[in-house]
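Residue-level structural notes
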Amino acid sequence: MALYLGVMSGTSLDGLDIALIKQGEQLELLATHYLPMPGDLRQELLSLCSSGPDEIARAALAENCWASLAGEGIRQLLTRQGLPAEAIRAIGSHGQTIRHEPARGFTVQIGNPALLAELTGISVVADFRRRDVAAGGQGAPLVPAFHETLFSHLGQRLAILNVGGFSNLSLIEHDKPVHGFDCGPGNVLLDAWVERKRGQAYDADGAWAASGVVQADLLDALLADPFFAGSGPKSTGREVFNLPWLDGHLARLPAYRDEDVQATLLELTARSIIDSLSNAQQGTEALLVCGGGARNGALMTRLGQLLPYARVASTGAHGVDPDWVEAMAFAWLAHCCLEGIAANRPSVTAAKGLRVLGAIYPA
């Protein structure tokens, strides 16, 4: 039995999630901590998602800031729990993705794990995605193996949906390898549009989207993107789906009310998820949702409407807080690395085979 920390900051860039788990015969979530992302760091990380001047130095400085923030969050969590650094076997650090282009053979997560190990006095396992990409895989999503560990005992034709900046599915059936893939935008366009038009970080409960009307011609144009035609393995990121992508479609269509665009973006998220699920797994009995999207009432309602034959619920219905699943996953991935357990799934990423993921930075 050992204690691990998982640190996750996703494509929404709202903050750092830190989870403390106990890994024994069963995994147990012991404590959590959240740190908001400082505005200047968020803007710099966003800008690093595309080419710009002096980006190598800027990325190095940004990852130092990210590691310092993570180190402070870990210190706060351990102090609150009365635990010394020596009690933690390792930190699983996802880092922050700034580029993800597996078709070109690379994915980049920054977060200076060496500095994080120095600041905390705890060994760090990081850089989980590149080993899978080196083996010909997508490097994402990585959470289906963890979802399988958490939920396969339910014995149903099950789908686990993570809705962060982007959405991804894990499909779990008895006597079949877990399958999974990215579906497309989750919150990334919804957040960007509401921030542009209303100055808000996100659309609370999907209320603004619910006030609008879905525009069929805009929806059809968005869903015509080639990404949605693929059945997976596939993954995506801000390189594909971003505000300039949306603006390009809006420029070719009539003017819409801002809330109608938001409603259409929510429908895009819901439709891309359910269309992908329906094509990949017939007769799904339950769809369990985690990530920030699980808190979006309008999205959850729409998912239920589009999947009337299945039970749609948060992972919280099975005792797993939807806000902390991904941070828990990277703590578990650190455990797998140190134990020499392969944690990718070729059925998900199309890698050439099972691989042990992560690079170790000793304390």
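Residues numbered from 1 in each chain as written. Predicted model: local features only at pLDDT ≥ 70, side-chain atom pairs only at ≥ 80, totals over all residues. Heavy atoms only, no water.

**Points about the environment of Ser-51**
Structurally, Ser-51 is set in the loop between helix H1 (39–47) and helix H2 (55–81). Ser-51 sits in the exposed class, given a relative accessible area of 61%. Taking the C-alpha atoms as reference points, Ser-51 and Arg-99, 48 residues apart in sequence, are found 9.9 Å from one another. (Helix = DSSP H or I, 4+ residues; strand = E, 2+ residues; numbered from the N terminus. Buried < 20%, exposed > 50% of the residue type's maximum accessible area, 1.4 Å probe, protein only.)

**Looking at the packing of aromatic side chains**
Under the defined criterion, the tally for this structure stands at six aromatic pairs. For the pair Phe-227 and Phe-241, a centre-to-centre distance of 5.7 Å together with 80 degrees between the ring planes defines the contact as edge-to-face. Here Phe-227, found in the loop between helix H8 (216–223) and helix H9 (243–251), pairs with Phe-241, found in the loop between H8 and H9; they are 14 residues apart in sequence, far enough to count as distant. On the accessibility criterion, Phe-227 (14% relative accessible area) is buried. Ring centres of Phe-228 and Phe-241 lie 5.4 Å apart, and the angle between their planes is 35 degrees; this geometry places the pair in the tilted category. One end of the pair, Phe-228, is in the loop between H8 and H9; the other, Phe-241, is in the loop between H8 and H9, with 13 residues separating them in the sequence. Taking the relative accessible area as the measure of exposure, Phe-228 reaches 15% and is therefore buried. We note Lys-234 situated over the ring of Phe-227; from NZ or CZ to the ring centre the distance is 4.3 Å. (Phe/Tyr/Trp six-rings, centres within 6.5 Å; stacked < 30°, edge-to-face > 60°. Lys NZ or Arg CZ within 6 Å of the ring centre and 35° of its normal.)

**Digging into the sheet that holds strand E3 (residues 27–36)**
Read from one edge to the other, the open sheet built from six strands follows the order E3-E2-E1-E4-E7-E13, with strand pairing classed as mixed. At either end of the open sheet lies a strand with only one pairing partner, and these are E3 and strand E13 (359–361). Averaged over all adjacent pairs, the angle separating strand axes in this sheet is 20 degrees, with direction ignored. Pairing between strand E4 (residues 88–93) and strand E7 (residues 124–126): two bridges, direction parallel. Among the inter-strand pairings, Gly-92 is bridged to a residue of E7, identified as Val-125. Helix H3 (residues 113–120) rests against E4, E7 and E13 of the sheet, and its axis sits at about 160 degrees to E7. (Pairing = 2+ DSSP bridges. Axes fitted to C-alpha atoms, helices over the stretch in contact; angles between N-to-C directions. Contact = heavy atoms within 4.5 Å.)

Purely geometric stuff here, so don't read any function into it on its own.
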